Amino acid sequence: MKKPKWVVQKEQDKKMQGRETVWLFGLHAVRDALMNPHREKLRLIVTLNAQNKLADAIEASEVKPEVVEPRKFAAPLDPGSVHQGAVLEVKPLEWGRLEDVCIGPAAPRVVLLDRVTDPHNVGAILRSAEVLGASAVVGTRHHSAPETGALAKTASGALERQPYIRVRNLSDAIIELQKMGYLVLGLDGDATQTIEQAVDGKRDRAVALVLGAEGPGLRAKTKDTVDALVRIDAAGGFGSLNVSNAAAIALYASKAPT
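Nothing here was measured: the structure is a model prediction, and the numbers come from that model.

Looking now at unusual backbone geometry. Residue E62 is not a glycine yet carries a positive backbone phi of 65 degrees. Topologically, E62 is positioned in the loop between α4 (55–61) and β3 (66–67). Of note, the phi angle at R115 is positive, near 65 degrees, even though the residue is not glycine. Along the chain, R115 turns up in the loop between β5 (109–114) and α6 (119–131). Owing to a relative accessible area of 27%, R115 belongs among the partly exposed residues under this scheme.

Turning next to the sheet that holds β5. The strand order across the open sheet formed by seven strands is β7-β6-β5-β10-β8-β11-β9, and the pairing between neighbours is parallel. Here the strands that pair on one side only, and so sit at the sheet edges, are β7 (164–167) and β9 (193–194). The pairing of β5 with strand β10 (residues 207–212) spans six bridges and is parallel. Looking across to β10, one finds that R109 is bridged to V207. Helix α8 (residues 170–179) rests against β5, β6 (136–140), β7, β8 (183–187) and β10 of the sheet, and its axis sits at about 160 degrees to β5.

Another aspect to go through is α8. Each α-helix winds once per 3.6 residues, and so residues spaced three or four apart point in a common direction. Every buried residue of α8 is accounted for by L170, S171, A173, I174 and L177. Seen from one end, α8 has its buried residues packed into an arc of 160 degrees, which puts them on one side. Taking the backbone nitrogen of S171 as reference, a side-chain oxygen 3.0 Å away marks N169 as the first, capping residue of α8. Taken from the residues just after α8, G181 is the one with a positive phi, measuring 100 degrees.

Turning next to the pairing of strand β4 (residues 86–90). A large share of β4 lies buried, amounting to five of its five residues. Because side chains alternate across β4, one face comprises the buried residues A86, L88 and V90, and the other comprises V87 and E89, equally buried. Bridge count between strand β1 (residues 22–25) and β4: four bridges; the pairing is antiparallel. Looking at β4, one finds that V22 is bridged to V90.

Reading guide: rules and limits
Residues numbered from 1 in each chain as written. Predicted model: local features only at pLDDT ≥ 70, side-chain atom pairs only at ≥ 80, totals over all residues. Heavy atoms only, no water. Helix = DSSP H or I, 4+ residues; strand = E, 2+ residues; numbered from the N terminus. Buried < 20%, exposed > 50% of the residue type's maximum accessible area, 1.4 Å probe, protein only. Pairing = 2+ DSSP bridges. Contact = heavy atoms within 4.5 Å. Axes fitted to C-alpha atoms, helices over the stretch in contact; angles between N-to-C directions. Arc of directions from axis to C-beta. Polar contact = N/O pair within 3.5 Å; in protein donor to acceptor, adjacent residues only side chain to side chain.

Right, here's the structure in full:
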């Protein structure tokens, strides 16, 4: 019997993910990856100066570095990547299923990203999510930023600690969270109520915040699936916030009671 196309595609995606590797760069990103026992490390290339700065992390990781001269430093990075003399080839992290990472504390907070493709924005969101205590950041397998060196560098180490998972379908993920008891709020500049108004009297509930790409914002299906559309309370007439800044403010505005 011939396999359905979706089954074949799923098997092919799994094989591709098994072969996929990521080149992390920069002292901070490489150090945090070396210190992460859950990160599968494949190849470390450093200059002598970088090796000295990362000596403790290298020793802890038991990875044997390839020490090269700065002029002969060669790694498959995009031109202009500030590697600081250190790159590390790794396997992407596996955080598990949505239900595995979105249980969290008594009133967890989760960020969902609708077509946010800029790795710098996602990296900054991961950093804010870690600082503000979010249980996870959720993107989609297609039309969202994958795990990359640029994302890791912007995240400033948060990629190694903050769950970042990518799901097949965002609307399905929203429905799954709703079944888990989450109040799912979509950020929209034209919404009639603010985040604070939407969570008033409900701060003890789990809350998921859905943010869209700058410009197009949330897709129509996403808007139809969330529990409510909300906006960030701000002075009018001054444009809109960068999506990473919006995520940080939304997490703070919806924070659970302490």
